[in-house]
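Residues per chain are reported as follows:
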Amino acid sequence: MSWSWLSISSLVTRSALSRPATRLYPVERREPFRKTRGHVKFVVDDCNFCTICAHKCPTRAIVANKKEKTWAIDHSLCILCGNCVEDCREGCITLSNDPWPPMEAKEVLSFRKDFELPPA
Amino acid sequence: MASTTIVPFGPQHPVLPEPIHLDLELDDERVVQALPSIGYVHRGLELLAERHDYLEMSQVAERICGICSFIHGQGYCQGVEHLMGLEVPPRAVYLRTIWAEISRIQSHLLWLGLSADAFGFESLFQHSWRIREMLVDIIEETTGGRVIFGVCKVGGIRKDVDDETLQRVGRRIREIEAAYEEVARVFREDPTVQKRTAGVGVLGAEDAYALGAVGPVLRGSGVVRDTRQLGYAAYGELDWEPVVETAGDCYARCEVRLREISQSFDLIAQCIDRMPEGKIDVSVKGKRPQGETMIRLEQPRGEVCYYLMAKGRKNLERFRVRTPTFANIAPLVQMLKGCELADVPVIVLTIDPCVSCNER
C-alpha cells in the first residue's frame, strides 16, 4: 500500500520550517535587475524635439510637439518596448530599471522646454 | 431511448484560466459528446499586422500569448527574416534558443501547477509555481521583462547577454533543476496524481495523428513528432531526442511535459557551453520583406504555424497564425467522449488550452 503523503512530505516539512518563498511586497522590495525595463525617463533640457520617438512608439504613448516644444508620455499606454530609447539621437530618453508604481488613475507626464540658451 | 442532459462547461469555470465553452451531453454522469465553442477573446491581431510597420509588429506578435510570448516573437521574426533573406548571426540564434527553452520550462511548470490545482493538490500547485518564479527571475535578469521578453527583433536580438551572466544563469539552472526534480518526483510517485490521471482521457496514436494533435498531446500518444526536429534556430546542432510516451492518457501527457522540462534544462546547458562569439544582429535598414513564407516552430503546447505574405511595403499583406490549442481542440473532443463528468476538468487541462493564443 502506498501513502499519499510520503512523496511530498519532505518538501512540505522543509517548506514549513524554512523562510517563506514570498516577500511582504510593499514593505520588503527586491532590488530590480540591471536590465529590468522599469519606466521611461526623459530629460527635457537635452531634447531637440525631433519627434522621432513619437513616430516610433507602437502604442502612441509619446506625444511630442516641435512648435510648442512639449513632450508627454502616457504611462498607462507605454509598453516599455524601448524603441524610443534606441532611436533617440540626443540621448534624452532612457529606460530606468525602477518599476513605475501602480497607478490609481491615468498618468500623463508632460514636459515643456521654456527657454533655450542662444548658441554660443 | 435514453434521455441525455446537456451541461454547459465554461466559459467561466474554476479550472479554466481562459474562456472556452463546452456543451457536454451527458448520459447520467458519462459524457456522450462534447461540443466546443470559442470566440470569447478574439482581438484581431492578424489584421493589425496589415496596418502596422513590420518592425513594430514583432512586439505585437509577442503579445499573442502571455506564456509562450517569446516563441511567437521568434516565429514572426524568423518569417520576416526568411522573406528578406537575412542571415541571423549565430550568437543571436543561440540566445534565442536559450530563451525559447526557458519559456518552455516556465510554461510547462505553469501547466503542472494548474493541473495539480485541477485535481485538488494545492501544495503541489504552489511548489510548481515557486520553481517557475526562479525561472521568471532569470528571464527578467537576461531580458528585462518578466512575461513579455521584448528582446527578439527582425534581424537578431536587441540585448546581448554577457558571458559572466550566462555562466551565472548556467549555475542557477543546475540549482533549479535539482529543486525541480523534487517536485517531479511527487508527480511521478504520488498515488493521488496517478488516480486522477492514469487511464483518463485516452487518445490512441492513430486518432491523435488523424485528428491533427500537436505537441505533448501527440507525443503522449506515442507519435514521434517534434517540430524542433526541423532544425530551426540552434536545434539542428544540439543533441536531443523528442520525448515520447505511449499510453495516450492524461498521465502520459503529464509525463511528456515532466521529461521535456529536464530536456530543456539540458538544452540550455548545451547552448551555454557552445555559445558562439560575435554580433547579435544584422541591419535591416532600407530593406523590405517581399514574397510569402510558412514557418513552423515548436511551442510548449505544440506546433505553431505562421503564414506571412508581403509585397515590399512597410507592412505585411497577410499574417496568419495557427496555434497549437486550435489543433488540439478536435483531439480534446475525442478524448472527452465516454469520460466521467468529474474527469472533464483534468482532460481539458491536459491539452494545455491557451485560448487567447488560439483566438489571436
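This one's a predicted model, so the numbers in the text were calculated from it and none came from an experiment.

(A) Up close: the confidence of the model for chain B. When pLDDT is averaged along chain B, the result is 88, and 99% of the positions lie at 70 or above. This prediction of the complex comes with two scores: 0.88 for pTM and 0.79 for ipTM.

(B) Local environment of the interface of chain B and chain A. Between chain B and chain A, the contact holds 20 residues from the first and 15 residues from the second. Mapped onto the side of chain B that touches chain A, the elements with two or more residues apiece are helix 5 (122–143), helix 6 (163–189) and helix 7 (191–197) of chain B. Sort the elements by how many residues they give to the side of chain B that touches chain A and helix 5 of chain B lands first, with seven residues.

(C) Highlighting the sheet that holds strand 7 (residues 302–311) of chain B. Residues and elements named next belong to chain B. Pairing in this open sheet of three strands is antiparallel, and the strands run 6-7-8 from one edge to the other. Each of the sheet's edge strands pairs with one partner strand only, and the pair in question is strand 6 (290–299) and strand 8 (318–322). Here the average twist between neighbouring strands, direction ignored, is 10°. Here strand 7 pairs with strand 8 via five bridges, running antiparallel. Along strand 8, the bridge assignment pairs Tyr306 with Val321. The strands that helix 3 (residues 69–84) touches are strand 6 and strand 7; relative to strand 6, the one it contacts most, it runs at about 150°. Across the sheet, helix 11 (residues 324–336) is in contact with strand 6, strand 7 and strand 8; its angle to strand 7 comes to roughly 130°.

(D) Representation of the packing of helix 6 of chain B against helix 10 (residues 250–273) of chain B within the structure. Residues and elements named next belong to chain B. With their axes 10 Å apart at the nearest point, helix 6 and helix 10 run at an angle of 165° to one another. Taken together, the axis directions place helix 6 and helix 10 in an arrangement best described as roughly antiparallel. Handedness of the crossing formed by helix 6 with helix 10: left-handed. Residues Leu166, Gly170, Ile173, Glu177, Tyr180, Ala184, Phe187 and Arg188 of helix 6 lie in contact with helix 10, whose contacting residues are Cys254, Leu258, Ile261, Phe265, Ile268, Ala269 and Ile272.

Cut-offs applied
Residues numbered from 1 in each chain as written. Chains lettered and ligands numbered in written order. Predicted model: local features only at pLDDT ≥ 70, side-chain atom pairs only at ≥ 80, totals over all residues. pLDDT = per-residue confidence, 0-100. Contact = placed C-beta atoms within 7 Å. Helix = DSSP H or I, 4+ residues; strand = E, 2+ residues; numbered from the N terminus. Pairing = 2+ DSSP bridges. Axes fitted to C-alpha atoms, helices over the stretch in contact; angles between N-to-C directions. Parallel < 35°, antiparallel > 145°, perpendicular 65-115°, else oblique. Left-handed = near helix turned anticlockwise from the far one by under 90°.

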